[in-house]
Amino acid sequence: MQKKALLLPLLLLSSATLFAQQSDSYRIPYDDSTLGPQGTTTLMPFNRLVRSAGKVVSFGDSRLENHALDFALLPDGRHLAVEDRYGVGILDLSTQEIVQRWSMRDVPATRSLMSTYSGIKAFGYDGHTYIVWGAGTTSQSALLIAEWDGSAIKNVSAVAMKAVAPAATALPNDIAVRFEGGIPYLYFVLNGNNQLVKMRFTDREIVWTVPTGVAPYGLRIIGNKVYVTNWAGPLVTDSSREYAGTPWGSAYTNPVTGATASGSLSIIDAQSGSLVKELPLGLHPNAIVSSPDSLFLYICNGNSDNVSVVDVRREVVVDSVAVGLFTGGITYYGSSPNALTTDAGGTMLYVANGFDNAVCVVRLGSNAATHGSSGESKVLGYIPTEAYPGGVALVGNDLYVANIEARGPRVLARFNAAGSVNAYNIHQALASVSIIPVPSKRQLKKYSKAVRQQSLIFRLELTNRAPRHDVAPRPLPERIGEPSVFKHVVYIIKENKTYDQVYGDITQGRGMPDLCVYGDSVTPNQHRLSGAFSLLDNYYASGKCSAEGHQWADAAMTSDYVEKMVRAWFRSYPHRQEDALVYNRNGFIWNNALDHGKKVRIYGEACTTHYDPSLKWGDIYKGWLDHTDQGFVNTSTIARIRPIISPAYPDCDNLVFTDQLRADIFIHDWKAAEQAGGDSLPDLMVVSLPDDHTAGIAPGMPVPQAMVADNDLAVGRIIDAISHSRFWDSTVVFITEDDSQSGWDHISAYRTTGLVISPYSVIGHAIHTNYNQTGMVRTIEQILGIPPMNVMDATALPLFDCFSDQKTPYVFTHVPNVVPLDRMNKPVAELKGKAATFARASAVQAAKGVDGGNDDLLNRILWFAAKGDVAYPTGDVR
């Protein structure tokens, strides 16, 4: 008992207490709310505190979700071009401020475009300064060329890039400029087409286009050769190897996880375009730079947490430098290196580690640089940045870091006439650039300590503790590997709601009634469950949309590929897990469970449902009422899980299916296991219930309140069946939204609904502890006795406060829906004005599935459907 008394206070140690132990020179005021525009430290909803060293410059249109991506130093040496998601800003190096910004949104020809992943370049020619970068959408692409006249960006032109079938968009990304005979030539990859292009700049004439590997990303030119990194490795030519679909092709994949199994470097002759050689690299190679003497190449491997070093003369990989923060002893994957630069002398390497929220400082060894230090390359330390650094440049003695996530969506909007109600929305965020003087050895040591503390590394000591023998089973074991009273975990993933949207009317929690649109009359079962078990009013989704949310919910992290696509989704919208490029190296909760001998069943996640597309919602609803088998069949790109997917359970992308159909299938399987005798129930059941996403006011679909009520009833029926079964004593149910993007919240744009339901749950209390999705995944792992998958769940706080050692006799009986499930939206012909406009927009979005359209527009539609002409929470931004 003495060990228990010591352990729990450590697990629940507040970061405020932790940081109070630091030296006064780097003491951090801690924001525990996850929202904070106030304070200097921000808690991101994936176990990372953010406080950048140096100076932070924030910018962008506060009505949009902005992200800084990459840099290019202008020829004058006094300005830095900053590529952001919606345009280019010019940073004055002397004043360290954005002095001018050109936005694609301001020009009709480019209004729909967004900048691609990275790769901006600047050069001088014929007395002019030019800036070049790639932009696109899911259906069109262009190379953008602008002039900088010393005070403004002007004369922006777009050179269209045609997609080559089967690609839907060409996607120009990294660019190199090479002067040949005094004329500049642009070399650039087309990430969608799997191509490298050489274009004469003067007349925009394409000299040649040649194939690369799968999804080329970065490039460098040395001598007469072009070096191209390929995210997904070589083209598939060996049918005996495991491979799976990526957008517009296939890639070799890991049979265990379904993720891409290799990366590669294509070496191509700059004159002829012929392939010279292809080298294997680590997983998901992205950014590439050369040493100042052009004798070495350094390449980030985003899914391997290392940097490959290539000897240019021998054309071989000579070193692999581990740069992850969580190395030594038990190594945890997930630092996501994705950008880098060298110092002028070629002895130091600066690597942007996305999920470490830091720049890793590496002293290059003798085998990695001409003038490297003796021995191997060595990590000297880490410099804190804002969230997910994705671009880095060294100018003089200053590091410039483009922070893709910055501080998250923390734009606060006042929306009512009295100005008394504030709200956050997931689609409003500013971009940021960190400007950090290269630290001294002493300062780097302090920074490194701060990075580790901000990454909550203290929790790893607890995560890594060995299980004790002869420990009595508990609901949530104190250590991984110790026994739980639970044998079965049901993990229900819903779609896109904030806390205030659903629970804002509950007085026991920190809700805002003015923001509640799906209260107890729409969601009576969830309200009853939150009252009967426990109300989590400080629980957060980790991602900002379903494409991110299903990665966080299923894997407790996203990959660099997902982070680089944020808000653009050029190649895929991967909420359904059908793109091998999306998955992180260690895969998902289901393969973690399978790897450790657990039985798993998947309902609707990671699969695609094939059905007659002529069927409308009403047809399928009637078929459900009539108990008709409608012939739904599921497939998956992940070979390993095909045998464990419920074959007819509708996937998470299809809103045309009532959630009652989903509930019926799950309950049927549950009762069949109960009747089978013994313990035939799977250890882990992952269940998708997506209809609370709604289809807006699309004609032919139910009204939003009806779809949310449909979802609520399905939740209630499932919990009813579980709690009245013989498995109830050995079962725990976790319920989360995949993300919080379809709404607004007065505490945080990330705040969402969560439930923990079991005979050992804390009953009738509001729980205010700060929890998030990664902690829910970690709790499932701890109950099943399986290890963390990556750095995020390894540093997550298990949901200890949700459990009691005392069993309660409570069982749940579901409440009938109040809103009719088949209350339908009106036809467009019966609507006028804003209602008609929103109905047409809803129809377009609904036809594309979950999150298939303009997310922010859908939010406005849902607000209008519930509130009418009450002002939407976006005005008076501050």
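Residues numbered from 1 in each chain as written. Predicted model: local features only at pLDDT ≥ 70, side-chain atom pairs only at ≥ 80, totals over all residues. Heavy atoms only, no water.

Caption draft 1: Layout of a positive patch on the surface. A cluster of like positive charges, contributed by Arg-363, Lys-378, Lys-441 and Lys-445, occupies part of the molecular surface. Along the chain, Lys-441 turns up in helix 3 (residues 441-454). (Patch = residues over 30% accessible without salt bridge, like charges linked within 9 Å, V, L, I, M, F, W, Y side chains within 5 Å. Areas by Shrake-Rupley, 256 points an atom, 1.4 Å probe, with all protein chains shown as cover. Salt bridge = Lys/Arg side-chain N within 4 Å of Asp/Glu carboxyl O. Lys, Arg positive; Asp, Glu negative; His and termini not counted. Charge placed at Lys NZ, Arg CZ, Asp CG, Glu CD. Helix = DSSP H or I, 4+ residues; strand = E, 2+ residues; numbered from the N terminus.)

Caption draft 2: Local environment of the sheet that holds strand 30 (residues 378-384). One open sheet holds the four strands; their spatial order is 27-28-29-30, and the pairing between them is antiparallel. Sheet topology places strand 27 (337-342) and strand 30 at the edges, where each strand pairs with a single neighbour. Across the sheet, the mean angle from the axis of one strand to that of its neighbour is 25°, orientation sign disregarded. In terms of strand pairing, strand 28 (residues 348-353) meets strand 29 (residues 358-363) through six bridges, oriented antiparallel. Each residue of the ladder has a partner; that of Ala-352, found in strand 29, is Val-359. (Pairing = 2+ DSSP bridges. Axes fitted to C-alpha atoms, helices over the stretch in contact; angles between N-to-C directions.)

Caption draft 3: Representation of the environment of Lys-622. Within the fold, Lys-622 resides in helix 10 (residues 617-625). Side chain to side chain, Lys-622 and Asp-626 meet in a polar contact 2.7 Å long. (Polar contact = N/O pair within 3.5 Å; in protein donor to acceptor, adjacent residues only side chain to side chain.)

Caption draft 4: Quick peek at the layout of surface pockets. Roughly 870 Å³ of volume is contained in the second largest pocket. Only strand 4 (68-73), strand 9 (121-125), strand 13 (172-180), strand 17 (216-222), strand 23 (285-290), strand 27 and strand 31 (387-395) provide two or more residues apiece to the lining of the second largest pocket. In terms of residue count, the dominant contributor to the lining of the second largest pocket is strand 31 (six residues). Partitioned by chemical class, the residues of the lining of the second largest pocket number 20 nonpolar, seven polar and four charged. (1 Å grid on protein atoms, 1.4 Å probe; cavity = no way out; pocket = protein on both sides within 12 Å on 5 of 7 lines; lining within 4 Å. Points joined across faces, edges and corners; volume = space filled by probe spheres on them. Nonpolar A, V, L, I, M, F, W, Y, C, P; charged D, E, K, R; others polar.)

Caption draft 5: Seen up close, empty space enclosed by the protein. Counting across every chain of the model gives five cavities of 30 Å³ or more. A volume near 50 Å³ is recorded for the largest cavity. Forming the boundary of the largest cavity are Leu-655, His-693, Thr-694, Ala-695, Gly-696, Ser-842, Gln-845, Ala-846, Gly-849 and Leu-858. Across the lining of the largest cavity, the residue classes tally to four nonpolar, six polar and no charged.

Caption draft 6: Structural detail: the pattern of salt bridges. For the structure shown, the criterion picks out 37 salt bridges. The partner of Lys-564 in a salt bridge is Asp-560, and the shortest N-O contact between them spans 2.9 Å. With Lys-564 and Asp-560 both in helix 8 (residues 560-564), this residue pair falls four residues apart, about one helical turn. Asp-560 shares its class with Lys-564; the two are buried. A network of salt bridges, in which partner residues are shared, links Arg-468, Arg-474, Glu-478, Glu-482 and Asp-805. (Buried < 20%, exposed > 50% of the residue type's maximum accessible area, 1.4 Å probe, protein only.)

Caption draft 7: Examining the packing of aromatic side chains more closely. Inspection of every chain in the model, using the stated rule, returns 38 aromatic pairs. Taking 5.6 Å as the distance between ring centres and 90° as the angle between the ring planes, the aromatic pair formed by Tyr-117 and Phe-570 counts as edge-to-face. With a gap of 453 residues between them, Tyr-117 in the loop between strand 8 (114-115) and strand 9 and Phe-570 in the loop between helix 8 and helix 9 (589-595) connect regions that are remote in the sequence. Taken as a pair, Tyr-117 and Phe-570 share a single burial class, namely buried. Between the aromatic rings of Phe-486 and Tyr-760, the centroid separation amounts to 5.8 Å while the plane-to-plane angle is 80°, which identifies the pairing as edge-to-face. Pair noted here: Phe-486 is in the loop between helix 4 (458-463) and strand 36 (488-494) and Tyr-760 is in the loop between strand 45 (754-757) and strand 46 (765-767), with a separation of 274 residues, a long-range link. Tyr-760 shares its class with Phe-486; the two are buried. Linked through ring pairs, Tyr-117, Tyr-217, Trp-231, Tyr-561 and Phe-570 together constitute an aromatic cluster. One residue, Lys-198, lies across the ring of Tyr-185, its end atom 5.1 Å from the ring centre. (Phe/Tyr/Trp six-rings, centres within 6.5 Å; stacked < 30°, edge-to-face > 60°. Lys NZ or Arg CZ within 6 Å of the ring centre and 35° of its normal.)

Caption draft 8: Spotlight on unusual backbone geometry. That bond from Ala-165 to Pro-166 is cis: its omega, 10°, falls within 30 degrees of zero. For Asp-305, which is not glycine, the phi dihedral falls at a positive 60°. Positioned with a positive phi, Tyr-388 is a non-glycine residue whose angle comes to about 50°.

Caption draft 9: Local environment of the sheet that holds strand 22 (residues 275-281). If you trace the four strands from one edge of the open sheet to the other, you get 17-18-21-22, paired in antiparallel fashion. Only two strands of the sheet have a single neighbouring strand rather than two, namely strand 17 and strand 22. Strand-to-strand, the axes of this sheet are offset by a mean angle of 20°, without reference to chain direction. Where strand 18 (residues 225-230) meets strand 21 (residues 263-269), six bridges bridge the pair, whose relative direction is antiparallel. The residue of strand 21 that forms the bridge with Val-226 is Ile-268.

Caption draft 10: Fine view of the pairing of strand 13. Among the nine residues of strand 13, seven are classified as buried, and the element is accordingly described as predominantly covered. Where strand 13 meets strand 14 (residues 183-190), seven bridges bridge the pair, whose relative direction is antiparallel. Bridge pairing in strand 14 links Pro-172 to Leu-190. Turn length for the strand 13-strand 14 hairpin, with the two strands adjacent in sequence and antiparallel, is two residues, and the turn residue Gly-181 shows positive phi of about 65°.

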